[in-house]
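Structural characterization, general
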Amino acid sequence: MSELPVVQFRSVTKAYASRALSHVGAKGLITSFPTYLRQGRSAKFVALRDVSFDIARGERFAVIGVNGAGKSTTLALIARVMRPTSGTIETRGHVCPLLELGAGFHPDLSGRENVTLNGVLLGMTKREVRAKTASILDFAGLGTFIDEPLRTYSAGMSARLGFAVAVHLDPDILLVDEILAVGDASFQKKCLDRINEFHKRGVTFVMVSHDSNMVRTTCDRAVLLNGGSVHMCDRADRVVDEYHRLLEQPRVAPAPTVEQKPSEGKACLTQS
Ligand SMILES: Nc1ncnc2c1ncn2[C@@H]1O[C@H](COP(=O)(O)OP(=O)(O)OP(=O)(O)O)[C@@H](O)[C@H]1O
Ligand SMILES: [Mg+2]
């Protein structure tokens, strides 16, 4: 009997409480306001619609798509930072999310102090953090900056620190949203080496990236989201090719709203 998937999305829909008028701009405000009132201010914005896919243990899996396609929403749902509106998500094992640059960091604390804070927030005991601090700082490679307040760090430096903590967490499932993109080439290589090391140990890696080359070379499989629905889920290289084909089309679908007719959600299950 084959092993159960470590991440299982079944017909997942995520509707956010109305983006209401926040995205329409000043001009749109005039035309959208009556609709907003008619809908009783309760209109929902559907970021994901009927999304199904599986991720197997040890897979390197990418979630790709244009801005607003629903990638970060997907990762946040896996991390249980939020709940789906309908459908189910099952995960097996310790999920370690690296969703936002500097999430859980305090700007006034030094890099060293933030390592302790972040490590504890992500589930390590203080004793564990202490034992791993030297190795975390070595991975981050921030030199004397490590004792400077975090607010003096560049985006890439914060990302280095966040990733350094994450790779010392002993996760079963590591989620990474775009963070690798801000590291320099040598740090990216270090991260990719560590991801491959994790892979050998059977850790599952789920990443969101706009770097097609990285997805192609690092991931086994990928799901392509378009307008909040699964457009394709297959081998990473095939999905990246399809993504580029889609981008060449005159218009890529925007994320649907609840008022629109539900699109057919295509299921994507782990190849057996
Ligand atoms: N808290 C929220 N409230 C309302 N709408 C939201 C919220 N968060 C996200 N959205 C909307 O849901 C859609 C999907 O957002 P999401 O952040 O998942 O996209 P993404 O694929 O990660 O985009 P990007 O490539 O820009 O990071 C977008 O249209 C976004 O405007
Ligand atoms: Mg995103």
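In case you missed it, the structure is sitting above this.
Here is a short report on the structure shown in this document.

What counts, and where the lines are drawn
Residues numbered from 1 in each chain as written. Chains lettered and ligands numbered in written order. Predicted model: local features only at pLDDT ≥ 70, side-chain atom pairs only at ≥ 80, totals over all residues. Helix = DSSP H or I, 4+ residues; strand = E, 2+ residues; numbered from the N terminus. Buried ≥ 20, exposed ≤ 12 C-beta atoms within 10 Å, placed from the backbone. Expected span 1.5 Å × (residues − 1). Arc of directions from axis to C-beta. Contact = placed C-beta atoms within 7 Å. Near = placed C-beta within 6 Å. Core = buried A, V, L, I, M, F, W, Y, C linked by C-beta atoms within 7 Å. Pairing = 2+ DSSP bridges. Axes fitted to C-alpha atoms, helices over the stretch in contact; angles between N-to-C directions. Parallel < 35°, antiparallel > 145°, perpendicular 65-115°, else oblique. Left-handed = near helix turned anticlockwise from the far one by under 90°. Nonpolar A, V, L, I, M, F, W, Y, C, P; charged D, E, K, R; others polar.

Another point: unusual backbone geometry. If you check the backbone angles, Asp50 has positive phi at about 55 degrees while not being a glycine. Along the polypeptide, Asp50 turns up in strand S2 (residues 44-55). Since 21 C-beta atoms lie within 10 Å of it, Asp50 is described here as buried. Even without being glycine, Arg80 reaches a positive phi, approximately 65 degrees. Mapped onto the elements of the fold, Arg80 is located in the loop between helix H2 (71-78) and strand S4 (86-91). C-beta crowding within 10 Å serves as the criterion here: with 11 such atoms nearby, Arg80 is assigned to the exposed category.

The end-to-end C-alpha separation of helix H8 (residues 236-248) is 19 Å, in line with the 18 Å expected for 13 residues at 1.5 Å each. Of the residues making up H8, those classed as buried are Ala236, Val239, Val240 and Tyr243. Relative to the axis of H8, the buried residues are bounded by an arc of 100 degrees and lie together on one face. In H8, the exposed positions that point more than 90 degrees away from the buried face belong to Arg245 and Glu248. Residues of H8 that are buried sit in contact with strand S3 (60-64), helix H7 (212-218), strand S8 (221-226) and strand S9 (229-235).

With that settled, consider the site of ligand 1. Close contacts around ligand 1 come from 13 residues, with Tyr16, Ala47, Asn67, Ser72 and Thr73 the closest. Put simply, the parts of the chain that give the shell around ligand 1 at least two residues each are S2 and H2. Take the shell around ligand 1: its biggest share by element is 3 residues, from H2.

Nonpolar side chains tend toward joint burial in soluble globular proteins. In terms of nonpolar packing, the biggest core is built from 62 residues, with Ala62, Leu175, Val206 and Ala222 touching the most fellow members. If you tally residues by element for this core, the top one is helix H5 (residues 155-166), at 7 residues.

So, about the pairing of S8. The element S8 is extensively covered by neighbouring structure, given that 6 of its 6 residues are classed as buried. Here S8 shows two buried faces, one formed by Arg221, Val223 and Leu225 and the other by Ala222, Leu224 and Asn226. Across 4 bridges, S3 lies against S8 in parallel orientation. Following the sheet pairing, Phe61 is matched in S8 by Arg221. When S8 meets S9, the two strands line up antiparallel, connected through 6 bridges. Looking at the pairing, Leu225 lines up with Val230 of S9. Counted along the chain from S8 to the antiparallel partner S9, the turn is 2 residues long, and its residue Gly227 has a positive phi close to 60 degrees.

Remark: helix H4 (residues 126-140) packs on H5, axes separated minimally by 8 Å, with the N-to-C direction vectors making an angle of 140 degrees. By the criterion of interaxial angle, the relationship of H4 to H5 is oblique. As H4 packs across H5, the resulting crossing turns out to be right-handed. On H5, the residues touching Ile136, Phe139 and Ala140 of H4 are Arg160, Leu161, Ala164 and Val165. Looking at side-chain class alone, the contact of H4 with H5 contains 6 nonpolar, no polar and 1 charged residues.

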